[in-house]
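Structural overview for review
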There are 2 protein chains.
Amino acid sequence: MTVVQRFSDHLPVPRTIGIVGGLGPYAGYDLVRKIFRWTKAGGDQDHLPIMLHSFPGWIPGRPSFLLGQTEENPGEDIGGIMEQLARNGATVIGMPCNTAHSPRILNVALERLRRTGLDVTFVSIIESAVREVRELCPGGGRIGLMGTVATLQTRLYQDELEKAGLEPVLPDGNDCALVQRAISDPEFGIKAFSDPVSPKACQILLDVAHRLVEEKRVSVVLLGCTEIPVAVTESRLWDAPVVDATSVLARELIRASCPERLKESSTFQL
Amino acid sequence: MTVVQRFSDHLPVPRTIGIVGGLGPYAGYDLVRKIFRWTKAGGDQDHLPIMLHSFPGWIPGRPSFLLGQTEENPGEDIGGIMEQLARNGATVIGMPCNTAHSPRILNVALERLRRTGLDVTFVSIIESAVREVRELCPGGGRIGLMGTVATLQTRLYQDELEKAGLEPVLPDGNDCALVQRAISDPEFGIKAFSDPVSPKACQILLDVAHRLVEEKRVSVVLLGCTEIPVAVTESRLWDAPVVDATSVLARELIRASCPERLKESSTFQL
């Protein structure tokens, strides 16, 4: 499809952003919202070109594969969606799901994308979030990490944080299980009740964040699961800055598409 | 792209929903949110397949064409996005922009879609909203109509409401201009400030709705511009039910994709 871009002449043509949605659906929509929110725009035409492909029924569960409960690797279908986005003109791709960034899944998906021969930039949510944390704590620090059991067990964030000279601090075992339930419990979890989120899921997440800050003395709380910021929208909790990986990914996608459109961040250093 | 659908065997495979976004961007995201909200889902995989293509920079302004300020018909580019969605497997298409449903624009777009020879259902936001209003007022009634000047001048809703035996009631001239400013004023309008909406835009819209209910004695307030429900989220105002055309479109798209997934509505008759 060839359509003339109508963006103002004095700005470069933005690259089209493709979003692998459906992992879960609300995380995809949350990312779209945050891209809009962080875009400098005075009207419709100033917003960036975005495609969100949300096909949750196509993609097998990520945690069940990573935890060895099934051999079906979701990377193949995720790669299929990336390929579809790329063939439609997306040259910058993001995926609002931390768990799916596990190399055992992501490498399969990116290999499929690579085979298309198309020139596409994949923006990693993990690398983006760790870079943001590093900017907050240039001298190092204890980083409280909240995520799914699968994300924690595969050490997605821990390895990257340590490489950046930061100390990952996990909730206690019971708290990790509670965070997982706040995300995926069929009775009150965010994946089942997203709009509005159940008070129980919110309370669990705030309690765990509180214990990270008050008992484990972390300097930053890193929300390392894209369902969590659907519930926890605070930018600070008990004086600790909260890094929302979805919001950071939104900013990085704008930067990769058209840096001139990125709003200033109020990021500050500790 | 061929991917096996993983939906439960006892439910039919849902049809993929394509959304023409970017008109404006927040209306597209608002529609996605409302589709999720109205879908019966206990987890990721239960949600419907959705593509949102938001290319605001591709599409010339709709009001300026309808009001004769330019000859460039946005229908051609809108049709291009519909074609792109259809070629990617969307068989149900919705467009969250009332103004773009004007026949002078929509017919051009649908003609382009028709030329693809693909079997696609286009769900009209106008027809869906008027059907909903008719169900609320089976015996007829005065329907307060809020929308852009272009939507009102092209009588998109008025003609459909009258065909359904309902009496469209417009805000006074000054109020119509105020609604337009609440939508598109570069200093405080929803298109420039959507998240959050400016208090001024909210207040204007509520004041106009108030005058429709209190002075013009309408039975229902119909939000006939997809920017308005980004600001006005009440389901009743001064005892009059509010019909949000975006929410109605969301329900109709789910019904067209997979009626078994549609949550019950709390619709009641007057």
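Conventions adopted
- Starting from 1, residues in each chain are numbered consecutively following that chain's sequence as written.
- Lettering for chains starts from A, numbering for ligands starts from 1, and both go in the order in which the items are written.
- Since the coordinates come from a predicted model, pLDDT governs what is reported: local features require at least 70, and pairs of side-chain atoms require 80 or more to be given and counted, while whole-chain, interface and lining totals use all residues.
- As a rule here, side-chain values come from all non-hydrogen atoms in the structure, and water together with hydrogens is ignored.
- Comment: elements are numbered from the N terminus, with helices defined as DSSP H or I runs of at least four residues and strands as E runs of at least two.
- For the radius of gyration, the atom set is restricted to C-alpha positions; the globular benchmark scales as 2.2 Å times the number of residues to the power 0.38.
- Remark: exposure states derive from per-residue accessible area (1.4 Å probe, protein chains only) relative to the maximum for the residue type, with buried under 20%, exposed over 50%, and partly exposed in between.
- Each reported salt bridge corresponds to a side-chain nitrogen of Lys or Arg within 4 Å of a carboxyl oxygen of Asp or Glu.
- Known as pLDDT, the predictor's confidence for each residue is given on a scale from 0 to 100.
- By definition in these notes, contact holds between two residues if any of their heavy atoms fall within 4.5 Å.
- Here, any two strands with at least 2 DSSP bridges between them count as paired.
- Comment: axis = line fitted to C-alpha atoms, over the contacting stretch for helices; angle = value between 0 and 180 degrees taken between N-to-C directions.
- In this description, buried area is defined as the sum, over both parts, of the accessible area (probe of 1.4 Å) that is lost when the two are combined.
- Under the rule applied, a polar contact is a pair of N or O atoms within 3.5 Å (in protein, one hydrogen donor and one hydrogen acceptor; residues adjacent in sequence only if both atoms are side-chain atoms).
- Residue polarity is assigned by list, with Asp, Glu, Lys and Arg as charged and Ala, Val, Leu, Ile, Met, Phe, Trp, Tyr, Cys and Pro as nonpolar; anything else, Gly included, falls into the polar class.
- Copy-to-copy superposition: least squares on the C-alpha atoms, limited to residues that have pLDDT of at least 70 in both copies.
- How far a helix is expected to stretch is found by multiplying one less than its residue total by 1.5 Å.

**Considering the overall build of chain A**
Looking only at helices and strands, chain A features 11 helices and nine strands. Against the 2.2 N^0.38 benchmark of 18 Å for 270 residues, chain A shows a C-alpha radius of gyration of 18 Å, consistent with a compact globule. Considering only C-alpha atoms, chain A reaches an extent of 55 × 45 × 35 Å along its principal axes. Expressed as a percentage of the 270 residues in chain A, the buried residues total 60%.

**A short note on the pattern of salt bridges**
For the structure shown, the criterion picks out 40 salt bridges over all chains. Between Asp44 of chain B and Arg62 of chain A there is a salt bridge whose closest N-O contact spans 3.0 Å. In this pair, Asp44 of chain B is assigned in the loop between helix 1 (25-37) and strand 2 (50-54) and Arg62 of chain A in helix 2 (residues 62-66), connecting two distinct chains. The exposure class of Asp44 of chain B is buried, given its relative accessible area of 5%. The residue Glu160 of chain A makes a salt bridge to Lys163 of chain A at a minimum N-O spacing of 3.2 Å. Pair noted here: Glu160 of chain A and Lys163 of chain A are both in helix 7 (residues 156-163), with a separation of three residues, about one helical turn. Salt bridges here are not isolated pairs; linked through shared partners, they connect Asp44 of chain A together with Arg62, Lys191 and Glu227 of chain B.

**Comments concerning the confidence of the model for chain A**
Residues and elements named next belong to chain A. Chain-level statistics for chain A give a pLDDT mean of 92 and a share of 94% at 70 or above. Low pLDDT (under 50) marks residues 1-9, which in the prediction has 25 contacts with non-local residues, meaning those over four places away or in another chain. This prediction of the complex comes with two scores: 0.93 for pTM and 0.92 for ipTM.

**Section: the sheet that holds strand 9 (residues 240-244) of chain B**
Residue and element names in this part refer to chain B. In spatial order, the strands read 6-5-7-9-8; together these five strands make up an open sheet with mixed pairing. Two strands lie at the open edges of the sheet, namely strand 6 (167-169) and strand 8 (236-237), each paired on one side alone. Taken together, the four bridges between strand 5 (residues 142-146) and strand 7 (residues 220-223) define a ladder with parallel strand orientation. In the strand pairing of strand 7, Met146 is matched with Leu223. Sheet contacts for helix 5 (residues 125-136): strand 5, strand 7 and strand 9; angle to strand 9, the most-contacted strand, approximately 160 degrees.

**As for the interface of chain B and chain A**
Opposite the 47 residues of chain B that make contact, chain A presents 47 residues. Where chain B abuts chain A, roughly 4,200 Å² becomes buried across the two surfaces, and 52% of that area is made up of carbon and sulfur atoms. Scanning the region where chain B abuts chain A turns up 17 residue pairs in polar contact (both at pLDDT 80 or more). Of all elements in the fold, only helix 1, strand 2 and helix 3 (75-87) of chain B reach the threshold of two or more residues within the side of chain B that touches chain A. Counting residues per element, the side of chain B that touches chain A draws most heavily on helix 1 of chain B, at seven residues. Partitioning the side of chain B that touches chain A into residue classes produces 23 nonpolar, 15 polar and nine charged.

**Quick look at the relation of the copies chain B and chain A**
Least-squares fitting of chain B to chain A yields an RMSD of 0.0 Å, with the transformation described by 0.0 Å of translation along the axis and a rotation of 180 degrees. The relationship between the two copies is best expressed as a two-fold rotation axis. Closest approach to the rotation axis within chain B is made by the C-alpha atom of Leu52 of chain B, at a distance of 2.5 Å. Same-surface contact between copies: 100% of interface residues of chain B are shared with the interface of chain A.

**A few points about the pairing of strand 5 (residues 142-146) of chain A**
Residue and element names in this part refer to chain A. With four of its five residues buried, strand 5 lies for the most part within the structure. As paired elements, strand 5 and strand 6 (residues 167-169) share three bridges and run parallel to each other. Residue Arg142 lies in a different strand from strand 6, and its bridge partner there is Glu167.

**Quick look at helix 5 (residues 125-136) of chain A**
Think of an α-helix as 3.6 residues a turn; residues three or four steps apart then line up on the same face. All names here are of chain A. The end-to-end C-alpha distance of helix 5 is 17 Å, a good match for the 16 Å that 12 residues give at a rise of 1.5 Å each. Those residues of helix 5 that sit buried are Ile125, Ile126, Ser128, Ala129, Val130, Glu132, Val133 and Leu136. For helix 5, the secondary structure elements touched by its buried residues are strand 4 (121-123), strand 5, helix 7, strand 7 (220-223), strand 9 (240-244) and helix 11 (245-257). N-cap assignment for helix 5: the residue whose side-chain oxygen lies 3.2 Å from the backbone N of Ile126 is Ser124.

**Some points on the sheet that holds strand 2 of chain B**
Ordered in space as 4(A)-3(A)-1(A)-2(A)-2(B)-1(B)-3(B)-4(B), the eight strands form an open sheet in which the pairing is mixed. A single partner strand is all that each edge strand has here, and the edge strands are strand 4 of chain A together with strand 4 (121-123) of chain B. Across the sheet, the mean angle separating the axes of adjacent strands is 20 degrees when strand polarity is ignored. With four bridges joining them, strand 1 (residues 16-21) of chain B and strand 3 (residues 90-94) of chain B adopt parallel strand pairing. Bridging from a neighbouring strand, Gly18 of chain B pairs with Ile93 of chain B of strand 3 of chain B. Helix 1 (residues 25-37) of chain A rests against strand 1 (16-21) and strand 2 (50-54) of chain A together with strand 2 of chain B of the sheet, and its axis sits at about 170 degrees to strand 2 of chain A. Helix-sheet contacts for helix 11 (residues 245-257) of chain B involve strand 1, strand 3 and strand 4 of chain B, and the interaxial angle to strand 3 of chain B is about 165 degrees.

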